[in-house]
Amino acid sequence: MQIPDEDAVKPEDWLDDEPETIDDPSSELPEDWDTEEDGDWIPPQIPNPKCEKVSGCGEWKRPTKSNPEFKGKWKAPIIDNPAYRGEWAPRKITNPAFFVDENPARMDPISAVGLEIWTMSEGITFDNFYIAHNVDKAFEFGKLTWAPKFKLESAAAKESEPKLEDNYYLGRALEVLFHLIGLVSSDPLYAVIGAGLISLLSALGLSFCFRRIYSKKANTKKDDPKPTEVTKPEEKTDDKASTSEEHKMKLRQRKKAPQTKDD
């Protein structure tokens, strides 16, 4: 809490009659100022130059300081609760079944082994379980049982793996892919260039496929046979019948014509 400082003394050069700010003498009334609409014009204020050379101007007020007798809002003091006993817990007694195992490594004969495993991979098998106290004997057992089988399985796995030498183009494509991955990791600019190239190649491939498809359709339309026009067979006239009728007409005309004698 702050209180006025009674020890403070007003400076001798303090100017009570001088204001802290005065009107700016360089300011002028704007030409478009309308007193009826805009009200009385008040010039802008600037710091009083007389106050800059002295301790201050205007009404002097005592500075404030922290109240040394202020203790804050009163609160009742807090003491320990005499009736508090703490969180309840059941009483503990000596465990009648507790005993000390003097030979923890001595176990009963094991007749079975159980495994519990969570995995997303298939084809995992377990065999050749060996339980004993001697580590050297365990390694000997592994050399006799696990090592030969592991060699055969490793050789079979290598033979089943695809080899890059079998496919030249696949090997070259993987080399280019790994090279691009290295460039992208070194400079992000190559990622933008690679994305542009991939999109361009994809567009070219799609356009090529569409052209092949449409060209095949056009060729099939051209190769379709046109429907043949069925022409009616021309009716053959009997030439023999017509010639016989003409011959008969000529004979009739000869019979009707008068016979003339030569002079």
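Under an unreviewed UniProt entry, the name given to the protein is Calnexin, and the source organism is Albugo candida. Taken verbatim from the UniProt record of the protein, the Sequence similarities (unreviewed entry) comment is "Belongs to the calreticulin family." The Subcellular location (unreviewed entry) comment attached to the protein in UniProt states, word for word, "Endoplasmic reticulum membrane".

**Student:** Could you clarify how one ought to interpret the side chain of aspartate 24 in this entry?
**Tutor:** With respect to the secondary-structure elements, aspartate 24 resides in the loop between strand E2 (21-23) and helix H1 (35-38). As a buried residue without a salt bridge, aspartate 24 has its nearest oppositely charged side chain in lysine 50, at a separation of 15 Å. Polar side-chain contacts of aspartate 24 include one of 2.9 Å to the side chain of serine 26.

**Student:** Got a minute to help me understand the side chain of serine 27 in this structure?
**Tutor:** The topology assignment puts serine 27 in the loop between E2 and H1. A polar side-chain atom of serine 27 sits 2.7 Å from the main-chain carbonyl oxygen of aspartate 24.

**Student:** Quick question: what am I supposed to make of the pattern of salt bridges here?
**Tutor:** Two side chains bearing opposite charge may form a pair once their charged atoms approach each other closely. Counted according to the given criterion, the structure contains three salt bridges. The closest approach of N and O atoms between lysine 10 and aspartate 16, which form a salt bridge, is 2.3 Å. The salt bridge involving glutamate 18 is made with lysine 50; its shortest N-O contact spans 3.5 Å. Of this pair, glutamate 18 sits in the loop between strand E1 (2-4) and E2 while lysine 50 sits in the loop between strand E3 (45-47) and strand E4 (64-66); the two residues are 32 residues apart in sequence, bridging distant segments of the chain. Under the relative-accessibility criterion, glutamate 18 is labelled partly exposed at 22%.

**Student:** Help me understand a nonpolar patch on the surface, please; the structure alone is not making it clear to me.
**Tutor:** Together, Met107, Ile110, Val113, Leu115, Ile117, Ile124, Phe126, Phe129 and Ile131 give the surface a local cluster of nonpolar side chains, amounting to about 920 Å² of exposed area. With respect to the element layout, leucine 115 can be found in the loop between E4 and helix H2 (135-160).

What counts as what
- Residues numbered from 1 in each chain as written.
- Predicted model: local features only at pLDDT ≥ 70, side-chain atom pairs only at ≥ 80, totals over all residues.
- Heavy atoms only, no water.
- UniProt positions renumbered as here; feature names shortened; annotations may be inferred.
- Helix = DSSP H or I, 4+ residues; strand = E, 2+ residues; numbered from the N terminus.
- Buried < 20%, exposed > 50% of the residue type's maximum accessible area, 1.4 Å probe, protein only.
- Lys, Arg positive; Asp, Glu negative; His and termini not counted.
- Salt bridge = Lys/Arg side-chain N within 4 Å of Asp/Glu carboxyl O.
- Polar contact = N/O pair within 3.5 Å; in protein donor to acceptor, adjacent residues only side chain to side chain.
- Patch = residues over 30% accessible without salt bridge, like charges linked within 9 Å, V, L, I, M, F, W, Y side chains within 5 Å.
- Areas by Shrake-Rupley, 256 points an atom, 1.4 Å probe, with all protein chains shown as cover.

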